[in-house]
Amino acid sequence: MLRRLLERPCTLALLVGCQFAFVAYFSLGGFRNLTSLFGRAAGPVFDYTRTHDVYANFSRLQPPAARLDADPAQPPPYCPERSPFLVGPLTVSFSRVPTLEQIRAKNPAVQPGGRYQPAACEARARTAVIVPYRNRESHLGYLLYYLHPFLQRQQLQYGIYLVQQAGNGTFNRAKLLNVGVKEALKDEEWDCLFLHDVDLIPENDYNLYTCDPWNPKHVSVAMNKFGYNLPYSQYFGGVSALTPDQYMKINGFPNEYWGWGGEDDDIATRVRLAGMKIVRPPVSIGHYKMVKHKGDKGNEENPHRFDLLIRTQRMWTQDGMNSLTYTLLAKHLHPLYTNLTVDIGSDPRAGRSRQGPGREGQRYRNSNSPFREEMLRKLPGLGDLRLALALRLPTAGNGTRGVAGSAGGVTQRSPEVIRDGGSPAGAEGTLPTHHRYNQSWPPGPR
């Protein structure tokens, strides 16, 4: 009877279909990512034709006078799990660039270094927002104007760090994020690390800037650049969030991606190799508007990204936080953010890429060679890279080099210089030396 049943074509088709669904469920990261892939993710519905000013009723965030006179020995109560100040969709306009003085006047509770904590209650989360940056003054103005009230409405304790790459060499977004994470964790035991491009503005304050305790979170799910849809299932670019433990578990971000492209897909692969998956807020909440801009000089498309992606599975335990070297040139506490000016070195391939058609030149001349295409097909988790790279435009969050001149603030140069032996050298007048973040990591494939 059973044999006769299994021989029927409809039964075999049903079994094959169930097997396919099972494999797809786990390979795409579970039910949430599977449903988002087909555009049917469950979530609240918001009307984005009716938006709110992010500064509307902003005075409600200030504590009542009675609370200001309360006994300082008594700790304040914890903030509610869901802030009562959230309004939903926000009005985001790029018609006029706000000045830093205007932003500062609208956010009087923000402390030097871009730090804030609620006065009336104890925040349930401490979030560091880390922005890789060079030559983007107008984008920085927009981001600070909208992000400060956005985070205050969520009743978070937070700080904003601008990691500014010194010099005019090729931009390295991922390495700057590694530097920002390391320097931010020196200041505070942050619960959550938000890695944020400078040209992306959140459009819904229900998009909470807190971390998922179990898995890295990709936050910029629906950008206007992609028609408010996720471009592909393993996309991890724009804005993402990890706990410090999760960040260390993936060995941070790769340091070898100079120029635009590739590092986001490398990170998504690291998440999978570290035994985690990417989680996301609903598409209806993760709305972002991008500031329109042209391509940046010094952040041209990385011609080596395919070669680096092929090596991810073998090199991810060796390239990251445990191989990070940099020089902290200056740390300045501005009224609205902490500016970190760093020397991260230069692209070691920059000279070779300009050589003639020698052996190396031939190797990198065509990134669509049959060998690389075959490797990309075989490497798990990178099957839709060609589609991804066709859809994406240069969006790395680099920005202004000269913003450090805003009024007010405290300047600090190389607060902790780590020598080869790992001991602090605090003598004044000492030139900063390279930092090297080197911990013992779980052995991985070599």
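Residues numbered from 1 in each chain as written. Predicted model: local features only at pLDDT ≥ 70, side-chain atom pairs only at ≥ 80, totals over all residues. Heavy atoms only, no water.

The next thing to look at is the overall build of the chain. Regarding its fold elements, the chain presents 13 helices and 14 strands. Classification of the 446 residues of the chain by burial places 52% in the buried group. Contacts spanning at least 24 positions in sequence make up 84% of the contacts within the chain whose residues lie at least 6 apart. If you sum the accessible surface of the chain, you get close to 21500 Å²; carbon and sulfur atoms cover 54% of it. (Helix = DSSP H or I, 4+ residues; strand = E, 2+ residues; numbered from the N terminus. Buried < 20%, exposed > 50% of the residue type's maximum accessible area, 1.4 Å probe, protein only. Contact = heavy atoms within 4.5 Å. Areas by Shrake-Rupley, 256 points an atom, 1.4 Å probe, with all protein chains shown as cover.)

Moving on, we come to the sheet that holds strand S4 (residues 200-202). Sheet architecture is open: three strands sit in the order S4-S8-S6, paired in mixed fashion. Strands at the two margins of the open sheet, each flanked by one partner only, are S4 and strand S6 (222-223). In this structure, S4 lies alongside strand S8 (residues 287-290), joined through three bridges in antiparallel fashion. If you follow proline 202 over to S8, its bridge partner there is tyrosine 288. (Pairing = 2+ DSSP bridges.)

Quick look at the nonpolar core now. Proteins that are soluble and globular tend to have nonpolar side chains buried together. Leu144, Leu147, Leu151, Phe194 and Tyr209 are the most contacted members of the largest nonpolar core, which has 49 residues in total. Elements supplying a minimum of two residues to this core: helix H5 (100-106), strand S1 (126-133), helix H6 (137-153), strand S2 (157-165), strand S3 (192-196), S4, strand S7 (239-242) and S8. Excluding residues that lie within four positions of it along the chain, tyrosine 209 makes contacts with Thr127, Leu147, Phe150, Leu151, Gln154, Leu156, Phe194, His196, Pro202, Val239 and Tyr288. Residues Trp190, Ile250, Trp258 and Ile344 belong to the second largest nonpolar core, which totals 35 residues. (Core = buried A, V, L, I, M, F, W, Y, C linked by side-chain atoms within 4.5 Å.)

Relative to the helices and strands, aspartate 347 resides in the loop between strand S10 (338-343) and helix H11 (359-365). On the basis of relative accessible area, aspartate 347 is assigned to the buried category, the value being 14%. Between the C-alpha atom of aspartate 347 and that of phenylalanine 171, which follows or precedes it by 176 residues, the distance is 8.7 Å. Each residue touching aspartate 347, except ones within four places of it in the same chain, is listed here: Thr170 and Trp258.

Attention now moves to the packing of aromatic side chains. The final tally for this structure, using the stated rule, is 12 aromatic pairs. Aromatic ring contacts, followed pair by pair, group Tyr55, Phe58, Tyr145 and Tyr146 into a single cluster. Just above the ring of tyrosine 55 sits the side chain of lysine 106; from NZ or CZ to the centre is 4.7 Å. (Phe/Tyr/Trp six-rings, centres within 6.5 Å; stacked < 30°, edge-to-face > 60°. Lys NZ or Arg CZ within 6 Å of the ring centre and 35° of its normal.)

Another aspect to go through is helix H7 (residues 173-187). The terminal C-alpha atoms of H7, which comprises 15 residues, lie 22 Å apart, in line with the 21 Å expected from a rise of 1.5 Å per residue. Within H7, 12 of the 15 residues are buried, which leaves it mostly tucked inside the rest of the structure. Every buried residue of H7 is listed here: Arg173, Ala174, Lys175, Leu176, Leu177, Asn178, Val179, Gly180, Val181, Lys182, Glu183 and Ala184. (Expected span 1.5 Å × (residues − 1).)

To continue, consider the environment of isoleucine 250. Within the secondary structure layout, isoleucine 250 lies in the loop between helix H8 (244-249) and helix H9 (263-273). Separated by 23 residues in the primary sequence, isoleucine 250 and leucine 273 have C-alpha atoms spaced 8.0 Å apart. Filtering out sequence-adjacent residues up to four positions away, isoleucine 250 remains in contact with Leu242, Ile267, Arg270, Val271, Ala274, Met276 and Trp316.

Considering all chains together, one arrives at two disulfides under this definition. Assigning the bonded cysteines of the chain consecutive numbers by sequence position, one obtains the connectivity 1-2, 3-4. (Disulfide = S-S within 2.5 Å.)

Any two side chains of opposite charge can pair, so long as their charged atoms come close to each other. Counted by the stated rule, this structure contains eight salt bridges. Of the charged contacts, one joins aspartate 191 and arginine 126 as a salt bridge, the two residues approaching to 3.2 Å between their closest N and O atoms. Here arginine 126 lies in strand S1 and aspartate 191 lies in the loop between H7 and S3, a separation of 65 residues in the sequence. You can call arginine 126 partly exposed: its relative accessible area is 25%. (Salt bridge = Lys/Arg side-chain N within 4 Å of Asp/Glu carboxyl O.)

In this model, tyrosine 228 sits at a positive phi of 55 degrees, which is unusual for a non-glycine residue. Structurally, tyrosine 228 is set in the loop between S6 and S7. Classification of tyrosine 228 by relative accessible area gives partly exposed; the value is 25%. Positive phi, normally seen in glycine, also occurs at asparagine 251, with a value near 60 degrees. Its location among the elements puts asparagine 251 in the loop between H8 and H9. On the basis of relative accessible area, asparagine 251 is assigned to the buried category, the value being 1%.

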